[in-house]
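# Tertiary structure, described
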Amino acid sequence: MKLNLKAISEVLSAVKDYLFPYEKISKKFLKINNEDDLINFIKEKSAFVTQSTLYGYLKTRMGLKQNMMFTDDIFIESVNKAKWNIFSEAVTDLTFFAVSYLNVKHNIDILNPNKIYQTILDNEIINGLPNEMCEKYKSKFKEKLNSFNIKEYCSDKPFSNSCNALFHWAPIADELKELDKEIVINSIKNKWMLVVADLEKIPVNLNN
């Protein structure tokens, strides 16, 4: 299989916009007054974390052509698969974190995490999320909900699922990923810290 490095480089140059073309992806949220506001926050911040970490990792490793064992078509297919798997796990993490955080910090107990999660994933089908993957992750979320501790989740490694997903699904050769593991995990942890800082600053007026 011949490597088309020029084509891959051209594809990569468009990957950042291709991943999640949301107009508000870098928007600063001013308030969370209802469930729709929270859903938008979770969706867009999850997309931000997925996009910035996956794109950053691909860009860093793109120069090592001897380890990029795919043509441009295979590359874009791999990126798409990675994108949706990482995003689905990111939404899982942030949904659980937000519901837990808002309960602990603001005594809010009216939120339905399963409804929030399903709404976000169902709405992404029109943007390319495969139906089969959507249903798989909705089932996984329900299973995790059985052990969800609303009082403890936000302070007990809340973003581990998406950290592991980035490491697992990024279309990079396995031998390189092993070398990069600590850096990759830290990169997504740092992005989540920014999201948490944003949530801490946003006025929340959800009514119990």
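Residues numbered from 1 in each chain as written. Predicted model: local features only at pLDDT ≥ 70, side-chain atom pairs only at ≥ 80, totals over all residues. Heavy atoms only, no water.

### Quick word on unusual backbone geometry
Short version of the rule: For the purposes of this entry, the term helix denotes a DSSP run of H or I that reaches at least four residues, the term strand denotes a run of E that reaches at least two, and both are numbered from the N terminus. Burial classification: accessible surface area is computed with a 1.4 Å probe over protein chains only, and a residue below 20% of its type maximum counts as buried, one above 50% as exposed, and the rest as partly exposed.
At N107, a position not held by glycine, the phi torsion is positive, near 60°. With respect to the secondary-structure elements, N107 resides in the loop between α3 (72-106) and α4 (113-124). Residue N107 is classed as exposed on the basis of its relative accessible area of 52%. In this structure, K157 is a non-glycine residue whose phi angle is positive, near 45°. By secondary structure assignment, the location of K157 is in the loop between α5 (131-145) and α6 (160-169).

### Things to note about α5
What counts, and what does not: Expected helix span is given by 1.5 Å per residue-to-residue step, counting one fewer step than there are residues. Here the arc refers to the directions that run from the helix axis out to each C-beta atom.
The first and last C-alpha atoms of α5 sit 21 Å apart over 15 residues, in line with the 21 Å expected at 1.5 Å per residue. Of the residues making up α5, those classed as buried are M133, C134, Y137, K138 and F141. Take α5 and look down its axis: the buried residues cluster within an arc of 135°, on one side only. Along α5, exposed side chains directed more than 90 degrees from the buried face belong to E132 and E143.

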